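Reading the structure
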Amino acid sequence: MTAVKRLSPWIACASILFSVVAVVAGQLGPDPYLDPMNVTISEYAVSDRGGVTEVAMAVLGIGSLALLAGLRSVGAPIKGAPQWLLMVWSGALVVAALVPTTPIGQDLDLAAQIHRYVSVAAFVSLPAAGALMVPRLASDASWKPVARAVEWVALAGGFGLLAITYVAMPGERVMIGLVERLLLGAEVALLAVLAGWLVRLTWQRSAARAAMAANFPTYHRFIASRS
């Protein structure tokens, strides 16, 4: 448990940073005819010969699980629906990375349909988890300082969901790539806020325990001298 508390915040932060860098790098690799404003990340991924985007998605999913483990280990107020939604987000990302969509212009096969549904589950679950966390974080002294930030990025994710739903249906996919990237940016920002604060709390608690351990011998000698 001590190892989980110590390492999981750093694993979460490192995975988020790696995934952001890898996704950006993946946008530079595929054929130049792909327009990022009108092509989704999944469509980019299937055109990415090196598989950088899929790796980024899988790492982000695994890092999100590490974040969940870290949140639970410090007693963050996420029990119930928020933690289950975080698990859905994490698992859906890993499945989406392992089961790619079809290349652009081809009909959707079974794998592509699975990819689509798990992608929808991922996009919906994280903003929902953030929205459910806000009142809990606001009522917890340790997490209250980031409650407002979580509220804003969860709200941005909610607006992003509305936008991508419109673009994907009546909007005929116009600018769907841009909308999806903005939505993903809001969701990664939510993870980053939680992971960053988790690192701070873990460091503060470790420092407090170290200070108590250092002061205990002095206190013990003081009591002995008074006896």
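Rules and cut-offs
- Residues numbered from 1 in each chain as written.
- Predicted model: local features only at pLDDT ≥ 70, side-chain atom pairs only at ≥ 80, totals over all residues.
- Heavy atoms only, no water.
- Salt bridge = Lys/Arg side-chain N within 4 Å of Asp/Glu carboxyl O.
- Helix = DSSP H or I, 4+ residues; strand = E, 2+ residues; numbered from the N terminus.
- Buried < 20%, exposed > 50% of the residue type's maximum accessible area, 1.4 Å probe, protein only.
- Contact = heavy atoms within 4.5 Å.

Note on pairing: side chains with opposite charge can pair once their charged atoms come close. Counting across every chain of the model gives two salt bridges. For E151, the salt bridge is made with R148, and the minimal N-O distance between the two is 3.3 Å. Here the residue E151 and the residue R148 both occupy positions in helix α6 (residues 147–168), the gap between them amounting to three residues, near one helical turn. Its relative accessible area of 53% is what places R148 among the exposed residues.

With that out of the way, let us pick up the environment of L93. The residue L93 is located in helix α4 (residues 81–98) in this model. You can call L93 buried: its relative accessible area is 9%. When the C-alpha atoms of L93 and A122 are compared, they prove to be 6.5 Å apart, with 29 residues separating the residues in sequence. Apart from the residues lying within four places of it in its own chain, the contact partners of L93 are M57, L60 and G61.

Moving on: the side chain of Q83. By the secondary structure assignment, Q83 is in helix α4. Q83 sits in the buried class, given a relative accessible area of 13%. Once you skip the residues sitting within four places of it in the chain, Q83 turns out to touch L68, R72 and I78.

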